[in-house]
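Observations on the three-dimensional arrangement
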4 protein chains.
Amino acid sequence: MSSPVTLIALLHGPDRPGLVAKVSGWIFERGGNIMHADQHHDREAGIFFQRIEWEPKAGAAVADAAAFRTFAAGLGMAVQVTSSASRPKVVMFVSKAEHCFHDLALRWHEGEFAGELVAVIGNHADLAEVAKTYGLPFHHIPITAETKAAAEAKQLALLHELGAELVVLARYMQVLSADFLEKIGRPVINIHHSFLPAFAGGKPYHQAHARGVKLIGATAHYATRDLDEGPIIHQDVARVTHRHGVEDLIRKGRDLEKTVLAQAVRWHLGGRVLVYGHKTVVFD
Amino acid sequence: MSSPVTLIALLHGPDRPGLVAKVSGWIFERGGNIMHADQHHDREAGIFFQRIEWEPKAGAAVADAAAFRTFAAGLGMAVQVTSSASRPKVVMFVSKAEHCFHDLALRWHEGEFAGELVAVIGNHADLAEVAKTYGLPFHHIPITAETKAAAEAKQLALLHELGAELVVLARYMQVLSADFLEKIGRPVINIHHSFLPAFAGGKPYHQAHARGVKLIGATAHYATRDLDEGPIIHQDVARVTHRHGVEDLIRKGRDLEKTVLAQAVRWHLGGRVLVYGHKTVVFD
Amino acid sequence: MSSPVTLIALLHGPDRPGLVAKVSGWIFERGGNIMHADQHHDREAGIFFQRIEWEPKAGAAVADAAAFRTFAAGLGMAVQVTSSASRPKVVMFVSKAEHCFHDLALRWHEGEFAGELVAVIGNHADLAEVAKTYGLPFHHIPITAETKAAAEAKQLALLHELGAELVVLARYMQVLSADFLEKIGRPVINIHHSFLPAFAGGKPYHQAHARGVKLIGATAHYATRDLDEGPIIHQDVARVTHRHGVEDLIRKGRDLEKTVLAQAVRWHLGGRVLVYGHKTVVFD
Amino acid sequence: MSSPVTLIALLHGPDRPGLVAKVSGWIFERGGNIMHADQHHDREAGIFFQRIEWEPKAGAAVADAAAFRTFAAGLGMAVQVTSSASRPKVVMFVSKAEHCFHDLALRWHEGEFAGELVAVIGNHADLAEVAKTYGLPFHHIPITAETKAAAEAKQLALLHELGAELVVLARYMQVLSADFLEKIGRPVINIHHSFLPAFAGGKPYHQAHARGVKLIGATAHYATRDLDEGPIIHQDVARVTHRHGVEDLIRKGRDLEKTVLAQAVRWHLGGRVLVYGHKTVVFD
């Protein structure tokens, strides 16, 4: 299927009458055809949110994307515009755990994501061989307490060189430094293996087992300087009983982590996640 | 909270460029402010669907609702416009089972529905007393094979007299005749106690138990002449095991029936359900 | 249906070989017939847990219940034995919110619980009238900061007088004092309107909305001196989006609170919940 | 972890008093220690079901397994006994779809299954290369209408040669002939991509889309001569909306198919599934 090119805009800013009419009128006047449009008003905060996807006139995609940015800025709106023709480059960070790595690599293979997986960076080399079977370049950047600053600098340089537009932490078991997150300049999606804000921090399945909860969860969120406090994109849970030991929680958790992270990455790459403050609007 | 009056339009018709712009432009020109708008395109069928909710200029709600109908017809769109100021009258049909009756009556009491529950019609008198505790008029119209036609005529006359705009079958255990459904001229929402199309027809929990399924379900749908084949509004399921006998399925099913029916009624009264063919578009 | 009387024993204690054989042998020798038996071993802790339900020889239920207690004590096991012929008396504590009250009262009416709902105690009188429609005695015991100690003494005296064997806090909005919980001597089941341990404390729906979580939850637990830290019996969640304001979370939460609390009460009264430490084993 | 060897017995037969005592007494007398035991009575049918897992006296596993079979037969019970030391050989049948293949292969790699995946048989050669990356022998046995009987004979011979004890149809797109299923003499687990009995037969996602259901499902069942009518082991569902086209249903369905099939295989290999008639008892 060679679907026609579409442009996707995520807008938000102070609410005022006529925004929908202005945006849709602008698109119509330039010969575009709106495929999907979804608005949300946060009445308390007085903020307008919109995701709008349209087919521009043949050949006008690049020019219209640029023009729309100017137009939206003129309305006082923050805006992101992406084209379905562009395929953002994605880099995956891994450690030793391989379930999220395989899951994402296979979904990429199935064509589930609107982007290109261009490289894998591991602080351990365990997944180097298997990355090759997917044809994925693997970069081993080991990290110790002493080398952390240097290793992070190397990661940043590599991301820059690769032109990465998204970083996915696929059970990457190193805490990213505040300095790194400040400099990175690209969204970073992390999967935390608990239903945040419950069981933030380390060993959440052990915490959950000790507390005797009846559901375990996983949370995909943007990584920010406030560890485990970044904007939540997606969450899900699974039922557990007294029969499940910590090992079972870990096994059941793997399924949650895979599907929750994959969904968050799919939504992000589909231009469906709008961040404001420490929350997200997900246009699903 | 005295929220301002809003108008809600449900539109659908042949897709063509500019529809969003035309609709939102029309509203803007008349001084309205769009609160929510949600579009959907069925590419295969070439159909455009929209739910749009806006605050008209102060005092203009009645005039604008009428004008919008004309405007939409001019675009070749089928349209329904409702005002948040109007409270559609709802009539509940019951037999002997009381769980859905109580559930809906209590939710009405909690203010969950954008409509008025004006009467209860029972083919049995079992719920007559309890209806009174909610201040609800109860009409007993018994039905036998011989009196069915006359009883249905009585029901129709009563619905007309009450000005009912929606009928909810809250586990009403009589099959409505094709003739009745042809004449009724108001939407009828039914709750079927299975995950349709599995286990259509009678005694679905017995069927489910006999088949050994691991999930039971409930389905809220519009009643049409094709029994159990009407457009589905909402469905949900619950897990069962070999430990659950038919009695347990019935008990667990009651919870499903209550929540699924209530959600369907809430969506319908909120102007969120658009029917086309034998399917629905639910703008949730 | 006049089902035959069964005895239900909940046992736990140090694991050692032969426990299942000894328990089932004891029952068989006295002419009993085991209907259900479920064991669990906590290998790490070396603890054996069992729920066993049997039909004693005709007429032997009372004698066998007593004899089994002695027998189990001789095995070094903590034990609770209940007879299906006994109907434990339950008292509900309420404030102003009525959804859990109605839900439990109606389920009692449907015969879902193995116990008798004998009274309702309210710190507000709002539900006094409606309690009457269910034929339930209502006791109004108002509480202020100054009168708290006296009011709790009154509650304790009333529970004693009524012979209550279980207290259910159906959205009772007063914190029970440590002194009260020490003296009460009966299990108390509470419903907390969040997925504990997330959002413990007050206004959990507001906390959840502020954090931007994608699921809200409810937790039924035994009330202990450690507020919101008691053994968890049951939990469930519902999906929310950015479209849901705090009011929607509260509405959706009501459904969760009702079903989670009812399930916990049903399990407790069915002799299915065994507490050890600050966790539960639920034999469902 | 070198866990001690356990024996697992699945028993069923006519109910009568003393069965639990007899079985647990037999194990105790031979020096065994019961780890888990779970009974179920189907009162209507008068059938007793039990799963019992125990550690036999050191060195006695083989002898006790044989002796237990004789003992159970003497009680009039049908019985299966497996040892945790044995690792049943499993053969996967595939066609072109690879999601279930990868999922199972990776879970095997993670150690989730109590068995050995020894070979993959494909009627197409598409997955031959990728099977090698997992170190799995791949056998290509093409099938056409003309060669079906011969191809099935070849499959049977290969299963025999490999000593297969379980066949898993991982989205194998050929209908197995009644003759094949009669001769195979090993359990066959199939994944059907719908919530059976809804949408049996071909193209279930297309059927589901056409009907406008709000949930799609997947069903793992034992394959029998009655197509799509075999005993159900596990089922799950996922929510869909009008926004999801057939392609989306297929994508969402892949996740369901993977997790439902994997769970069924895990339960089967863990000796947790007892078939009787066309239903299953799953001791989870």
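As a starting point, this report considers the structure included with it. (Residues numbered from 1 in each chain as written. Chains lettered and ligands numbered in written order. Predicted model: local features only at pLDDT ≥ 70, side-chain atom pairs only at ≥ 80, totals over all residues. Heavy atoms only, no water.)

It is worth spelling out the packing of helix H3 (residues 99–110) of chain C against helix H8 (residues 246–269) of chain C at this point. Between two packed helices, both the angle of their axes relative to each other and the distance between the axes serve to describe the pair. Residue and element names in this part refer to chain C. Where H3 contacts H8, the axes come no closer than 9 Å and their chain directions differ by 45 degrees. Relative to H8, the element H3 lies oblique. In terms of crossing hand, the pair formed by H3 and H8 is right-handed. Residues His99, Cys100, Asp103, Leu104, Arg107 and Trp108 of H3 form the contact with H8, whose own contacting residues are Arg254, Glu257, Lys258, Thr259, Leu261, Ala262, Val265, Arg266 and Leu269. Residue classes in the contact of H3 with H8 are distributed as 7 nonpolar, 2 polar and 6 charged. (Axes fitted to C-alpha atoms, helices over the stretch in contact; angles between N-to-C directions. Helix = DSSP H or I, 4+ residues; strand = E, 2+ residues; numbered from the N terminus. Parallel < 35°, antiparallel > 145°, perpendicular 65-115°, else oblique. Left-handed = near helix turned anticlockwise from the far one by under 90°. Contact = heavy atoms within 4.5 Å. Nonpolar A, V, L, I, M, F, W, Y, C, P; charged D, E, K, R; others polar.)

In this section: the relation of the copies chain C and chain A. When chain C is fitted to chain A, the best match, at an RMSD of 0.0 Å, comes from turning it 180 degrees and sliding it 0.0 Å along the axis. This pairing of chains is accounted for by a two-fold axis. Residue Ala198 of chain C of chain C places its C-alpha closer to the rotation axis than any other residue of that unit, at 2.3 Å. Comparing interface residues between copies, 100% of those in chain C also lie at the interface in chain A; the contact surface is shared. (Least-squares fit on C-alpha atoms with pLDDT ≥ 70 in both.)

What follows deals with the relation of the copies chain B and chain D. For these two chain copies, the linking operation is a rotation about an axis paired with a shift along it. By a simple turn and slide, chain B fits onto chain D: the slide is 0.0 Å along the axis, the RMSD is 0.0 Å, and the turn is 180 degrees. Take the interface residues of chain B: 100% of them recur as interface residues in chain D, which is what a same-surface contact looks like.

This part takes up the pairing of strand S1 (residues 7–14) of chain B. Residue and element names in this part refer to chain B. The element S1 is extensively covered by neighbouring structure, given that 6 of its 8 residues are classed as buried. Where S1 and strand S4 (residues 78–83) come together, 6 bridges link them in antiparallel fashion. For Leu11, the partnering residue across the bridge sits in S4 and is Val79. (Buried < 20%, exposed > 50% of the residue type's maximum accessible area, 1.4 Å probe, protein only. Pairing = 2+ DSSP bridges.)

A few words on the interface of chain C and chain A. Counting residues at the interface gives 31 residues for chain C, matched by 31 residues for chain A. Together, the buried faces of chain C and chain A total about 3,100 Å²; carbon and sulfur atoms form 52% of this surface. Contact with chain A buries area across many residues of chain C, yet Arg211, Lys214 and His242 of chain C alone supply 24% of it, more than any other trio. The interface formed by chain C and chain A contains 6 salt bridges. When the shortest N-O distance is used, the salt bridge between Asp236 of chain C and Arg239 of chain A registers 3.3 Å. Connecting chain C to chain A are 24 residue pairs in polar contact (both at pLDDT 80 or more). Where the side of chain C that touches chain A is concerned, the elements lending two or more residues are strand S2 (33–42), helix H7 (204–211), strand S11 (232–239) and strand S13 (279–282) of chain C. With 7 residues, the single largest contributor to the side of chain C that touches chain A is S11 of chain C. Split by residue class, the side of chain C that touches chain A holds 13 nonpolar, 9 polar and 9 charged. (Buried area = accessible area lost by both parts, 1.4 Å probe. Salt bridge = Lys/Arg side-chain N within 4 Å of Asp/Glu carboxyl O. Polar contact = N/O pair within 3.5 Å; in protein donor to acceptor, adjacent residues only side chain to side chain.)

Moving on, we get to the sheet that holds strand S9 (residues 188–192) of chain A. Residues and elements named next belong to chain A. Here we have 7 strands laid out as an open sheet, ordered S7-S6-S5-S8-S9-S10-S11, and mixed in their pairing. Each edge of the sheet is formed by a strand with only one pairing partner; in this case those strands are strand S7 (138–140) and strand S11 (232–239). The average angle at which neighbouring strand axes cross in this sheet is 20 degrees, direction not considered. Judged from the 4 bridges that link them, S9 and strand S10 (residues 215–222) form a sheet pairing that is antiparallel. Counted as the bridge partner of Asn190 is His221 from S10. On the sheet, helix H8 (residues 246–269) packs against strand S5 (89–94), strand S8 (166–169), S9, S10 and S11 and is oriented at approximately 30 degrees with respect to S10.

Fair warning: the whole summary comes from geometry, so function is off the table for now.
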